[in-house]
Structures are given as structure tokens and as C-alpha cells.
Amino acid sequence: MAYRVPQTGQGSGYDDADIAAVVDLLRSPAHLSDGHQVALFERDFATRIGARDAVAVTSCTMALELVTRVLDLRAGDEVIATPLTFQATTAALLGLPVRVRFADIDPDTLCLDPAAVARLITPRTRAIYTTHYAGLCGGIRELASLAQQHDITLVEDCAHALGASADDKAAGSWGDFGCWSFHSLKNISTLGQGGMVTTRDPERAERIRALRAMNPDARFVPRHRSMSFGRYGTPTLPRPVTHEKNAYTHDCASIRGSGLNATMSEPAAAVGRTQLARLPDLLERRRMLAGLLDRGLADVSGVRVLPVPPGHEHARHLYPVLLDGPTPARDDVARRLEALGVEIVLRYFPLHLLPEWRAKGCRLGTAPVAERLWFTRLLNLPLSPQLSIDQIEYVVAAVRSALQPEQTHREVLADAR
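Anyway, here's the lowdown on the structure attached to this text. (Residues numbered from 1 in each chain as written. Predicted model: local features only at pLDDT ≥ 70, side-chain atom pairs only at ≥ 80, totals over all residues. Heavy atoms only, no water.)

### Brief notes about the packing of aromatic side chains
- Throughout the structure, instances matching the rule amount to 11 aromatic pairs.
- Aromatic pair F41 and F182: ring centres 5.4 Å apart, planes at 50 degrees, arrangement tilted. Pair noted here: F41 is in helix α2 (residues 36–49) and F182 is in the loop between β8 (177–181) and β9 (195–199), with a separation of 141 residues, a long-range link.
- Looking at F41, the relative accessible area reads 0%, which means it is buried. (Phe/Tyr/Trp six-rings, centres within 6.5 Å; stacked < 30°, edge-to-face > 60°. Helix = DSSP H or I, 4+ residues; strand = E, 2+ residues; numbered from the N terminus. Buried < 20%, exposed > 50% of the residue type's maximum accessible area, 1.4 Å probe, protein only.)

Below, the structure is given as C-alpha cells:
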């Protein structure tokens, strides 16, 4: 189906600077994996966020996997997570012998409700995984305070939140780790996929760098003298790269896990740098279009625009609204919008009700607010910098029509002109 207003596949789009960055790199003799551009992108991103370290990886899913690995969770540990997020947020926890407890959400922010989190904290709680849904750092002050008070690691899933802040403090800098996405739909993109870990913990940053480069997560101790492999002796090859790593100089004292190949490519990092440079313009465009939706929907009966709490900057990655009052069923409204040419994606099905989490003991009623909103009230309307003002005005007219079914498609088109 060709949509009049699609959920665009390129959240930021690409311009001549992005294209030139790739062309220049491909025409150079530079290595295209784990080189100068990756290091520069990490530096630029850490500066933008206010983080001590940034580690570029292949996706936000991989960022969350790497962070989860360096938390060293053990059998019997507990982790508190949001149920309203993409499945990648908790995917790395699924196969671990830990208990994941899904806390409910705040109906005004769609992010973790700090009061619900506080009720679930026990002496076994080791981490909190929060997602800045749609690009809002909802409840982050309170979550950071809880984490500090109980000595719990706070992991921020910032996939939606590049450009977001609370109290002038950027998303990703409140907790111990920020995990970022540069997927094609996000506020900036590194050629369709990419991710970043930001942290203030230098030791864990180095562990993540080692894991990213296929090195095992292990503790090595120096040998008193260089290892000799019997009659083969010690090679004296002049090349610095011989793939023996530390075989001659160290012993392995313990192994926590295997390494991964999660290195961001040089072309992706080069585009990440050019996209990051124009992030302010991309955010301004998103916020301008979101403002048009805010004002256009303000007087539409049956729909509630979510407020931005004082002191917060919203990254406007998604545009969620809640159906309110005696309106048609959410699914009926979504179908009507689709028929009017407005693409609707329902984000996200409550994680604890997915079959894999039901198999781990999660049940309906675990997060009643998240369940009620997702099944009956939550809609995400299209929003991206590529949309025109005319398309945004059409979305407003289409929502009005979907909530007032007696209005015909022809009347919607007339209203949008």
C-alpha cells in the first residue's frame, strides 16, 4: 500500500555531506573496519552526550548485549525492566539465570514509573533497564536516585533519545550506561544500522572494547618470562600483527565469556559524524512538526496529546497519543487511519506478554497500566524530518475523521487542503 503519510524508512535522511564522507573514504586507501573514523565518531559522540567513554558497535541490540555481559549477573540476581519497549531492551537477559521483573509505566510519560520500580526493589536487585520511550527521559531523576540509594546499576536504553535531556543533563548520562541506536528510523543513522555504548566506568568501557573486538572477557596475568611452545620457540617476526595476541606474554586466570565481532565499519562511522553534526537541525525539524501535531490535535475530542514535563527536552523520535473518553476502539481507529493513507505502527507490544517471557513466568496483570494503554489507547502517528507540513496537517484531519466516522474520506481531503 502506498501511504499518503508513511512511517518513513529513513528517520534522518542523507544529504551531500553524508554521501561525500562515504565516497571520500572508499576512494582512500584507508582500512574500512575499526579505524580512524570510528575513533573520531566515539570522541564526537562522547562530547555530545557528556560521557567519559563511548564505544561504537554494530547496533543498539549489541550495545545492550555488551552492557549486560559486563554487569556479571549471577543466578538469583534480579533485574527490573520496562515492559513498553522493543524486545531488544531485555533480549540479552532472556537466557541468563536471573529474574526479570517488569515494572509498570507512568501513563503520562510511557516510561518506567519510579514508584512501581521502588516497590519491586529487593536485596537481590542488581540493575534497572529503562527506555526513554519516544524520546522522553521520563522519571529519570527519580530512577537515578533509586539506583544510587540502593547501589543498583542503571542502564538507559536511549534508542529513541538522541537529543533528549532532563534538567539540562543529556539522556544517557544519568545512569551507568547509555545504549544508543543509529537504525535507519532513528534521529541519526549510520547507513541503516549502528549503535553506541556510553559510560562513566573506564574499566567496563575497556571490557566492552575487548569484547567488541572478539577478545574473550577474561582476566589475564603477565608471565614471569615469555612462553616458549617447545621446539617452536618464540617467533621474531617483524610484523606487529601476527594474531597470537598475548599468547607468549600472559596466562589466563579466569574466563567470564567469549568475545563478539561487534565493530562498527568506517563508512558507517564517517556518516555518523556528518549526521551528528547536523543533529541540531534534524531535532529542530522534528520538534517543529511535533508542535504542529500538538496544536492541531489539542481540540480534537477523543485524543490526548502527551505533555512534556517541565525541565525536559523531548527528542521527538516517535509521536504517541492516547485515545481518551468514549471513542471508537483503538484498533478501529488504527484501521480507519490506515484506510485514509496514514501508516500506523503499534509500538510496542508489552514485553512480558510475549511467549518467551510468559515461558519465564510473566503473566497478564503484571503491568496493568502498560497493558491497558497498549491494548486500548496507545497510537503512534507518523513523525520524521522528511514529512511535509501538508502531510502533518493531513494527519490531523485524518485523526479527526477516524474519531468521527461519519466524516467521509472526501471531507478529510477537503479539510487538509
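### Section: the environment of L73
- Following the sequence through the fold, L73 ends up in the loop between α3 (60–70) and β2 (78–81).
- Distance from L73 to L84, taken between C-alpha atoms, is 23 Å for residues 11 residues apart in sequence.
- Among residues more than four places away in sequence, those in contact with L73 are T68, V79, L93, L96, V98 and R126. (Contact = heavy atoms within 4.5 Å.)

### Side note on the packing of α2 against helix α8 (residues 266–277)
- It is at 8 Å that the axes of α2 and α8 come closest, and there the two elements cross at 30 degrees. Crossing of α2 against α8: the hand is left-handed. Two secondary-structure elements touch here, α2 through H36, Q37, V38, L40, F41, R43, D44, F45 and R48 and α8 through E266, A269, A270, G272, R273 and L276. (Axes fitted to C-alpha atoms, helices over the stretch in contact; angles between N-to-C directions. Left-handed = near helix turned anticlockwise from the far one by under 90°.)

### Points about the sheet that holds strand β4 (residues 125–131)
- A sheet is described by the order of its strands in space; here 7 strands give the open sequence β1-β9-β8-β5-β4-β2-β3, paired in mixed fashion. The two strands at the open ends of the sheet, each matched to only one other strand, are β1 (53–57) and β3 (99–102). Sheet twist, expressed as the mean angle between neighbouring strand axes with direction ignored, is 20 degrees.
- Here strand β5 (residues 153–157) pairs with β8 via 3 bridges, running parallel. When the sheet's bridge partners are listed, V155 is paired in β8 with F177. (Pairing = 2+ DSSP bridges.)

### So, the packing of helix α10 (residues 330–339) against helix α13 (residues 389–403)
- Interhelical geometry of α10 versus α13 gives an angle of 130 degrees and a closest axis separation of 9 Å. Considered as vectors, α10 and α13 are oriented oblique to each other. Considering how the two elements wind past one another, α10 and α13 form a crossing that is right-handed. Listed contacts from α13 to V333, R336 and L337 of α10 are A398, V399, A402 and L403.
- Within the contact of α10 with α13, the residues separate by chemical class into 6 nonpolar, no polar and 1 charged. (Parallel < 35°, antiparallel > 145°, perpendicular 65-115°, else oblique. Nonpolar A, V, L, I, M, F, W, Y, C, P; charged D, E, K, R; others polar.)

### Points about the sheet that holds strand β12 (residues 303–305)
- Spatial ordering of the open sheet is given by β12-β14-β15, a layout of 3 strands whose pairing is antiparallel. The two strands at the open ends of the sheet, each matched to only one other strand, are β12 and β15 (378–381). The mean angle between the axes of side-by-side strands here comes to 40 degrees, regardless of whether they run parallel or antiparallel.
- Bridge count between strand β14 (residues 319–323) and β15: 4 bridges; the pairing is antiparallel. Note that in β15 the partner of V321 across the bridge is L379.

### Focus on the pattern of salt bridges
- For the structure on display, the rule yields 26 salt bridges.
- As a salt-bridge pair, D44 and R43 come within 2.9 Å of each other at their nearest N and O atoms.
- Among the salt bridges present, the one from D324 reaches R377, with a minimum N-O distance of 3.4 Å. Of this pair, D324 sits in the loop between β14 and α10 while R377 sits in the loop between α12 (368–376) and β15, and the two are 53 residues apart along the sequence.
- With relative accessibility at 15%, the residue R377 sits in the buried group. (Salt bridge = Lys/Arg side-chain N within 4 Å of Asp/Glu carboxyl O.)

### A word on the pairing of β2
- Every second residue of β2 is oriented toward a common face, with E78 and I80 on one face and V79 and A81 on the other, all of them buried.
- Where β2 lies against β3, 4 bridges are found, and the strand directions are parallel. Following the sheet pairing, I80 is matched in β3 by R101.

### Section: the side chain of S189
- With respect to the helices and strands, the residue S189 is situated in the loop between β8 and β9.
- Residue class for S189 comes out buried when judged on its relative accessible area of 1%.
- At 3.5 Å, the side chain of S189 forms a polar contact with the backbone oxygen of H183.
- Within the structure, S189 has its side chain in polar contact with the backbone nitrogen of G192 (distance 3.1 Å). (Polar contact = N/O pair within 3.5 Å; in protein donor to acceptor, adjacent residues only side chain to side chain.)

### Here we look at the nonpolar core
- Among the nonpolar cores identified, the biggest contains 44 residues, and F45, V117 and W180 are the most heavily contacted of them.
- Counting residues per element, the ones that place at least two in this core are α2, β1, α5 (114–120), α6 (140–150), α8 and α9 (279–297).
- Within the second largest apolar cluster, 32 residues are counted, among which are V55, L66, L211 and L354. (Core = buried A, V, L, I, M, F, W, Y, C linked by side-chain atoms within 4.5 Å.)

All quantities given are derived from atomic positions and should not be read as evidence of function.
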